[in-house]
Amino acid sequence: MRGQKFAATWDLADIFAAGAPQGNIHTKFEDIFTEVDHLQRQVELIEQTDKINPSEWKAAIESIESIQTGLAQMNCYCTCIRAAHTSDKTGDYWRERTTEISVRFDPLVHKVQLSLAEIDEGTWDQLVTNELTEYSFILEEWRREAIKRLSEKEEQMISTFLEDGYHGWGDLYHSIVGDIKLNFRMGGKKEKLSVAQIRNLRSHSDQEVRRSSYHLLQETWKDQSGTLSLILNRITGMKLKLNDKRDIDDPLEESFIHNRMNRKTLQAMWSVVNSNKQPLVEYLNHKAKILGTSTLQAHDFWAPVNNEIETMSYQDGVDFILEHFSKFGTELESFARNAFLQKWVDAEDRPDKSAHAFCAGFPLSGESRISMTYGGHITDTLVLAHELGHAFHNHAMVPVPPLNRNYPMCIAETASTYAEMIVLNAAMKKAESEEQKLFLLDEKLKRSVMNFMEIHTRFLFECKLNETRKKGLVSAKQLKEMMKAALDEGYGGSIAGLSPYAWASTPHFYMTKTPFYNFPYTFGYLFATAIYAKGEAEGGDFERDYIALLEDSGRMTVEDLAKKHLGEDLTKEDFWMKGMEHCMRDVDEFIRISESVHHLR
């Protein structure tokens, strides 16, 4: 129903409301503590018994599943409280309490994993064929990971110190960035804005606003570079030391495990990306001509090519998303509408909230919450669609056993990118003029640049950072030089004025639980392109097939997922080339229309 009004702020009250199935947060905390005590007795019983008892094993696995789900619910709640109001310390309090549980819980999980690894193959096959069939994939992972673990005492000590040490550095980064408030003058009025609010000005129709806001942010990152370089050094150093203790030589190995990905898959993908950047260079050069410059300036990258259709209110953005989601399938549109009706989205533009957009999934209640700062542009609408894609993925996983919902980040970014693609491609088909289509093509190609140039830059930088940090502390000056070299290689000199402080402004480098959180975006972008092409070719009720793919995303490798649902081999460049060719056709269309509309040659 078009025109239905939706709130731009979320409701967190019912997450741990009195009378809710999961109880209030105080009750839930005590319940999980009790469950950990019970798990400890179960683990002791397993360790003391020589004979394998399938029912005991199943009970222990189910206890782990329940505790992990409860902790995930509490951690997401803490994240949302902190994001909604950076000055609110309630989330920090409950984060500390969940850490108390994790310090006791993690070593017990480690004991279970070690015990699983010690089971002989014959007994193991019998166990997963009968009692634990639905968990066979994740338990096989646990057995493999246990081999690379340290002694029980060492792992327990590491678990104890990670939160206040390693993860604490990441929390400090987000706290510092969240507290930054900048004075910015626009339209004769001086305002104090957050990093997210300043960043939203990157697509403003006024070039001077774009330029001054961009340079204000660069000065801010420069001012913070001393502190942020220290944080980045400590995070990277701790990660390398842990890898060294576990005899892991390649910093990428942990990311391959987290993403359930074969090294050949990543190599094939980057090979195709790296050899197909020239069309994007041509797009960027053409956009520079439209904006009246010989080389595209960094502060103009997000600039609209048609100012008259650049703005889009939150309400119009919601209607835009729902309209185009409905063309894909009834469940996606119905889910998104319900998310807005239930106030799962905090899109309000205010200075005291998190600088970064995200989607938090609450596994106990089967809900999600989305945080972003909506600035009134089509780019904000696409960010909202992106986060709704994550939320729909969480929705699709509700019928799946909780242990099998732990999907890799590269597939998470597939679901979010796919939702963006549905909206953007549908809008392009509906474009009423060449000018409007050019505007939408520009938005789409910006995403290609981000995934093929920007993300490749981040990957190159993080590889170099790990290599350099092994030799000692890396100064802010070195980080600047390393980032500049990565930008030169990633973008090939196609954009002028790119920030050498991108190492400070990119939160993904400071995410302690997801190393190398860069290539999953490129993977997701190309993988989503393949899924979209398959959906267009098949037509009909493809939504059901897509949901089936999402349901499987936590219980197989990405290679097996592609083989089962797409009939494709991800280790071959041919697969990635199909997606790349699809993206490059957008460049040809952009150049054709821009030459017609703007009379460029």
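Residues numbered from 1 in each chain as written. Predicted model: local features only at pLDDT ≥ 70, side-chain atom pairs only at ≥ 80, totals over all residues. Heavy atoms only, no water.

**Q** I keep staring at the pairing of strand β5 (residues 358–362) and nothing clicks. Help me out?
**A** Looking along a regular strand, one sees the side chains alternate between the two faces of the sheet. Burial runs high along β5: four of the five residues are buried. Both β5 and strand β6 (residues 367–371) contribute to a ladder of five bridges, which runs antiparallel. Within the sheet, the bridge partner assigned to G361 lies in β6 and is S368. Linking β5 to β6, which pair antiparallel, is a turn of four residues; within it G366 sits at a positive phi near 65 degrees. (Buried < 20%, exposed > 50% of the residue type's maximum accessible area, 1.4 Å probe, protein only. Helix = DSSP H or I, 4+ residues; strand = E, 2+ residues; numbered from the N terminus. Pairing = 2+ DSSP bridges.)

**Q** What's the story with the environment of M453 in this structure? I'm lost.
**A** By the element assignment, M453 lies in helix α17 (residues 434–469). Assessed through its relative accessible area of 0%, M453 is described here as buried. It is 34 Å that separates the C-alpha atoms of M453 and R337, two residues lying 116 residues apart in sequence. The contacts of M453, once residues within four sequence positions are left out, are K277, L280, V281, L284, S448, G490, Y491 and S494. (Contact = heavy atoms within 4.5 Å.)

**Q** What am I meant to see in the pattern of salt bridges here?
**A** Any two side chains of opposite charge can pair, so long as their charged atoms come close to each other. Under the defined criterion, the tally for this structure stands at 35 salt bridges. Note that R369 and E367 form a salt bridge whose closest N and O atoms lie 3.1 Å from each other. Taking relative accessible area as the criterion, R369 reaches 0% and is therefore assigned buried. Taking the relative accessible area as the measure of exposure, E367 reaches 16% and is therefore buried. Residue K444 pairs with D586 through a salt bridge whose shortest N-O separation is 3.3 Å. Remark: D586 occurs in helix α23 (residues 573–597) and K444 occurs in helix α17; sequence separation between them is 142 residues. Each of the two residues, K444 as well as D586, counts as buried. (Salt bridge = Lys/Arg side-chain N within 4 Å of Asp/Glu carboxyl O.)

**Q** Could you clarify how one ought to interpret helix α22 (residues 558–566) in this entry?
**A** Note that an α-helix has 3.6 residues per turn; residues three or four places apart therefore point the same way. Buried residues of α22: V558, E559, L561, A562, H565 and L566, and no others. Along the axis of α22, the buried positions cluster into a sector of 160 degrees, meaning they face one direction only. Looking at the buried positions of α22, the neighbouring elements they touch are α11 (263–274), α16 (409–430), α20 (519–538), α21 (542–552) and α23. (Arc of directions from axis to C-beta.)

**Q** How should I be thinking about the packing of helix α9 (residues 207–245) against α17 in this particular structure?
**A** How two helices sit against one another is set out by the angle between their axes and by the gap between those axes. Between α9 and α17, whose axes approach to 10 Å, the crossing angle comes to 75 degrees. Classified by the angle between their axes, α9 and α17 sit roughly perpendicular to one another. Residues L232, N233, R234, T236, G237, K239 and L240 of α9 form the contact with α17, whose participating residues are F461, E462, L465, N466 and R469. Each residue belonging to the contact of α9 with α17 can be placed in one class, and the counts come to four nonpolar, four polar and four charged. (Axes fitted to C-alpha atoms, helices over the stretch in contact; angles between N-to-C directions. Parallel < 35°, antiparallel > 145°, perpendicular 65-115°, else oblique. Nonpolar A, V, L, I, M, F, W, Y, C, P; charged D, E, K, R; others polar.)

**Q** Sorry, what's going on with helix α6 (residues 152–162) here?
**A** When α6 is considered as a whole, its buried residues turn out to be E155, I158, S159 and L162. Seen from one end, α6 has its buried residues packed into an arc of 100 degrees, which puts them on one side. Exposed side chains of α6 directed beyond 90 degrees from the buried face belong to K153 and F161. In the core, the buried residues of α6 are packed alongside α3 (90–117), α7 (166–179) and α9.

**Q** Would you take a moment to explain the nonpolar core for this structure?
**A** Side chains of nonpolar character tend, in soluble globular proteins, to be buried together. F325, L384, F461, W503, Y510 and F523 are the most contacted members of the largest nonpolar core, which has 143 residues in total. By residue number, the principal contributor to this core is α17, which donates twelve residues. Setting aside anything within four residues of it in sequence, one finds F325 in contact with L332, E333, A336, A385, L388, A419, I422 and V423. Residues A60, L71, V128 and F358 belong to the second largest nonpolar core, which totals 45 residues. (Core = buried A, V, L, I, M, F, W, Y, C linked by side-chain atoms within 4.5 Å.)

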